[in-house]
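# Understanding the architecture of this molecule
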Amino acid sequence: LDIGCSIGVSTEYLYKSFRGRVNGLDLSPYYLSIAKFNAMINHIPINYFHSNAESIDINDNSVDLVTASFIFHEIPNKETKLIFKEILRILKPGGIIAITDLDPLKLKDKLSESKFRKFAFEITEPHINEYYERSVESDLFLTGFYNIEKSDSDPYNSIWIASKDIF
């Protein structure tokens, strides 16, 4: 399941990489219409659906992998924690969550180098001050995820991978 799939770029990449059953979820019906159209004309069997990530219409313990790319910096802390709980609910035991997003600490440090750049970025991000204080690792751990690993991907972004306990 690709949460926050937007127009389906990351979802199509997952399908081409794993060739399994792939679903894309987004809150925007407009983005989903583009994703569905692209999947249709390219003959890619991805199931896209409109949903709020805090309440996903998928059975408990039924998903092997959940990905989320560049969505959590857009979401308030309370809702992020609800989404993590929902992901934990739908993941199979041993299932994986993979998050790619802006790294709160690296971002804050890099943006502090230029007042204008910091202002120009923050004016478009209503939840960024909460995000600066967020610890993705801590939130994942407190939700119940295990084997939490963070990797740097570039000067601004990181990747967090964690798993659901097998018990």
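Just above sits the structure.
Let me sum up the structure you'll find in this document. (Residues numbered from 1 in each chain as written. Predicted model: local features only at pLDDT ≥ 70, side-chain atom pairs only at ≥ 80, totals over all residues. Heavy atoms only, no water.)

## Concerning the environment of Leu1
With respect to the helices and strands, Leu1 occurs in the segment before strand S1 (2–3). Along the chain, Leu1 and Asn47 lie 46 residues apart, while their C-alpha atoms are 9.4 Å from each other. If we skip the residues at most four places from it in the chain, Leu1 touches Asn23, Gly24, Leu25, Phe49, Ile56, Ile58, Val63, Leu65, Val66, Thr67 and Ile90. (Helix = DSSP H or I, 4+ residues; strand = E, 2+ residues; numbered from the N terminus. Contact = heavy atoms within 4.5 Å.)

## What to know about the sheet that holds strand S7 (residues 157–164)
The mixed open sheet is built from seven strands, whose spatial order is S3-S2-S1-S4-S5-S7-S6. The sheet is open, and its two borders are formed by strand S3 (47–50) and strand S6 (145–152), each paired with just one other strand. Where strand S4 (residues 63–69) meets strand S5 (residues 91–102), six bridges bridge the pair, whose relative direction is parallel. Note that in S5 the partner of Ser69 across the bridge is Thr100. Against the sheet, helix H3 (residues 77–90) contacts S1, S4, S5, S6 and S7, and its axis sits at roughly 145° relative to S5. (Pairing = 2+ DSSP bridges. Axes fitted to C-alpha atoms, helices over the stretch in contact; angles between N-to-C directions.)

## What about unusual backbone geometry?
Located in the positive-phi region is Arg19, a residue other than glycine, with phi close to 55°. Mapped onto the elements of the fold, Arg19 is located in the loop between helix H1 (9–18) and strand S2 (23–26). Backbone geometry places Asn61, a non-glycine residue, at a positive phi of 50°. Tracing the backbone shows Asn61 in the loop between S3 and S4.

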